[in-house]
Amino acid sequence: MTQETEIGLGKSGRMCYSLDDVAIVPSRRTRDPEDVSTSWQVDAYEFDIPVIGAPMDSVMSPKTVIELGRLGGLGVLDLEGLWTRYDDPEPLLKEIAEAPAEESTARMQQLYTAPIRADLITQRLHEIREAGVTVAGALTPQRTQEFYSTVIEAGVDLFVIRGTSVSAEHVSRTHEPLNLKKFIYELDVPVIVGGAATYQAALHLMRTGAAGVLVGIGGGAVSTMRTTIGMHAPMATAIADVAAARRDYMDESGGRYVHVIADGGTGTSGNFVKSFALGADAVMLGVPLARATEAPGHGEHWGAEARHAELPRGRRYHVGTVGDMDQILFGPSNRTDGSMNYIGALRRAMAYTGYIDVKEFQRCGVVVTPYEQI
């Protein structure tokens, strides 16, 4: 049952909640944090932690993709980023990070006009493959038809189609849109697709055969979607809605399970943890991993929306650095702001509520409560 609020005589809107608006409720049973499992498996690929590195140039380079893989997670390289446009993007990444705020958007727009090179896509994916970790790359729906054969020939284990808002029913009068169902059916690798923020949109994406659905629109903390085009998806409600679509799709399909992956709004370990309690199987992290000393953004964070040539819907955002990737994921933490030891926080929350693994933890009780800044 949803709660509608009257905006005016001619329009009502549904009451929705962000991750800051909800909290986890302890249960009657507790466990030792060492006794819980944070493992995650999608298709044949197993991971020690349910963490995906967001395919953003300030977060994932070939080096940090490999590091996250070695730490037990999944790194995803943006195959439309600077790493597939330039032989050596390191000086350009530093230039973006150091540009004056009023010049950063224009400079990004200039740098990202360089063409995407198929040879660099192959080179970067081979570098990750040679390190012995799971290989994953991301393209937008607009670029998927152009470069997917290059990606498949280069060799990926998982393929991500990630856009601001991806639908299974895109229509166009000027070009033939990507047929997601046909595309996914013909691939030999699992496909994760999104973003989606509603029950119906997610259900349609699940019917295409996707192995996972990304929940969220825009780029989280770096997004200016609400300011530029008026769009916003409160993440707590969005995750719960997509989790309901997963449940109903399982009934509809005779038991096929599609993974729900929260993508946005998890800048603190508390919100990361709450994503699982609301129904997520894994979380795609941007801001937290952009804070790592190894991150290619040098303490700054930006996404694909910030470089759009005609209507930038994102910004460069200062996140600073707090520690290396290992510390951010596993601690120990010397901070109380939820910026370090994400997996430790998940383990402790699961222990406090008595759940043994992430799937069980999805049944955790939550309450709606005003956020109080301490």
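Just so it is clear, the structure is predicted and the values come from calculations on it, not from any experiment.

Engineer: Which residues make up the overall build of the protein chain, and what values do they have?
Structural biologist: Scanning the protein chain from N- to C-terminus turns up 14 helices and 17 strands. Relative to the globule expectation of 21 Å for 374 residues, the C-alpha radius of gyration of the protein chain, 20 Å, shows essentially globular dimensions. In terms of principal-axis extent, the alpha carbons of the protein chain reach across some 55 × 50 × 45 Å. Buried positions account for 53% of the 374 residues belonging to the protein chain. Partitioning the contacts of the protein chain with sequence separation of at least 6, the portion at a separation of at least 24 is 68%. Surface exposure of the protein chain reaches about 17100 Å², of which carbon and sulfur atoms provide 48%.

Engineer: Tell me about the nonpolar core, and name the residues and values.
Structural biologist: Phe159, Phe272, Leu329 and Phe361 are the most contacted members of the largest nonpolar core, which totals 99 residues. No other element matches helix H9 (residues 235-253), which puts seven residues into this core. With residues up to four places along the chain from it excluded, the contact list for leucine 329 reads Ile49, Val51, Leu68, Leu71, Leu285, Leu289, Asn341, Tyr342, Ile343 and Gly344. Judged by nonpolar contacts, the second largest core, of ten residues, contains Trp83, Leu92, Met108 and Ala306.

Engineer: Account for helix H7 (residues 199-206), naming residues and giving values.
Structural biologist: Taken together, the buried positions of H7 are Ala202, Leu203, Leu205 and Met206. Along the axis of H7, the buried positions cluster into a sector of 160°, meaning they face one direction only. Turning to H7, the residues buried within the fold contact helix H6 (180-186), strand E11 (191-196), strand E12 (212-215) and H9.

Engineer: With reference to specific residues and values, describe the pairing of strand E9 (residues 136-139).
Structural biologist: Of the two faces of E9, both are covered, the one formed by Ala136 and Ala138 as well as the one formed by Gly137 and Leu139. Pairing of E9 with strand E10 (residues 158-162), which is carried by four bridges, proceeds in the parallel orientation. Each bridged residue has a counterpart across the sheet, and for alanine 136 the counterpart in E10 is leucine 158. Of the crossover connections in this fold, the one passing from E9 over helix H5 (residues 141-154) to the parallel E10 is right-handed.

Engineer: Describe the packing of helix H10 (residues 269-277) against helix H13 (residues 342-353), naming the residues involved and giving the relevant values.
Structural biologist: Running from N to C, H10 and H13 point in directions that differ by 50°, and their axes come no closer than 9 Å. In terms of axis orientation, H10 runs oblique to H13. When you trace H10 past H13, the crossing you get is right-handed. Residues Ser269, Phe272, Val273 and Phe276 of H10 touch H13, and the partners they reach there are Tyr342, Ile343, Ala345, Leu346 and Ala349. A per-class count over the contact of H10 with H13 returns eight nonpolar, one polar and no charged.

Engineer: Requested: an account of the pairing of E10, with residues and values cited.
Structural biologist: In terms of burial, E10 is largely enclosed, as five of its five residues are buried. Alternating positions in E10 separate into two faces, Leu158, Val160 and Arg162 on one and Phe159 and Ile161 on the other, with burial throughout. Sheet topology places E10 next to E11; four bridges connect them, and they run parallel. By the bridge assignment for E11, phenylalanine 159 is matched with valine 191.

Engineer: Run through unusual backbone geometry, naming residues and quoting values.
Structural biologist: Residue glycine 195 is reached from glycine 194 by a cis peptide bond, and omega for that bond is 15°. Note on placement: glycine 195 falls in strand E11. A cis amide bond links glycine 331 with the next residue in sequence, proline 332, at an omega value of 0°. Backbone geometry at asparagine 341 places phi at a positive 60°, although glycine is not the residue there. Looking at where asparagine 341 falls in the secondary structure, it is placed in the loop between helix H12 (325-330) and H13.

Reading guide: rules and limits
- Residues numbered from 1 in each chain as written.
- Predicted model: local features only at pLDDT ≥ 70, side-chain atom pairs only at ≥ 80, totals over all residues.
- Heavy atoms only, no water.
- Helix = DSSP H or I, 4+ residues; strand = E, 2+ residues; numbered from the N terminus.
- Rg over C-alpha atoms; globule rule 2.2 N^0.38 Å.
- Buried < 20%, exposed > 50% of the residue type's maximum accessible area, 1.4 Å probe, protein only.
- Contact = heavy atoms within 4.5 Å.
- Areas by Shrake-Rupley, 256 points an atom, 1.4 Å probe, with all protein chains shown as cover.
- Core = buried A, V, L, I, M, F, W, Y, C linked by side-chain atoms within 4.5 Å.
- Arc of directions from axis to C-beta.
- Pairing = 2+ DSSP bridges.
- Right-handed = clockwise from strand over helix to strand, strands pointing away.
- Axes fitted to C-alpha atoms, helices over the stretch in contact; angles between N-to-C directions.
- Parallel < 35°, antiparallel > 145°, perpendicular 65-115°, else oblique.
- Left-handed = near helix turned anticlockwise from the far one by under 90°.
- Nonpolar A, V, L, I, M, F, W, Y, C, P; charged D, E, K, R; others polar.

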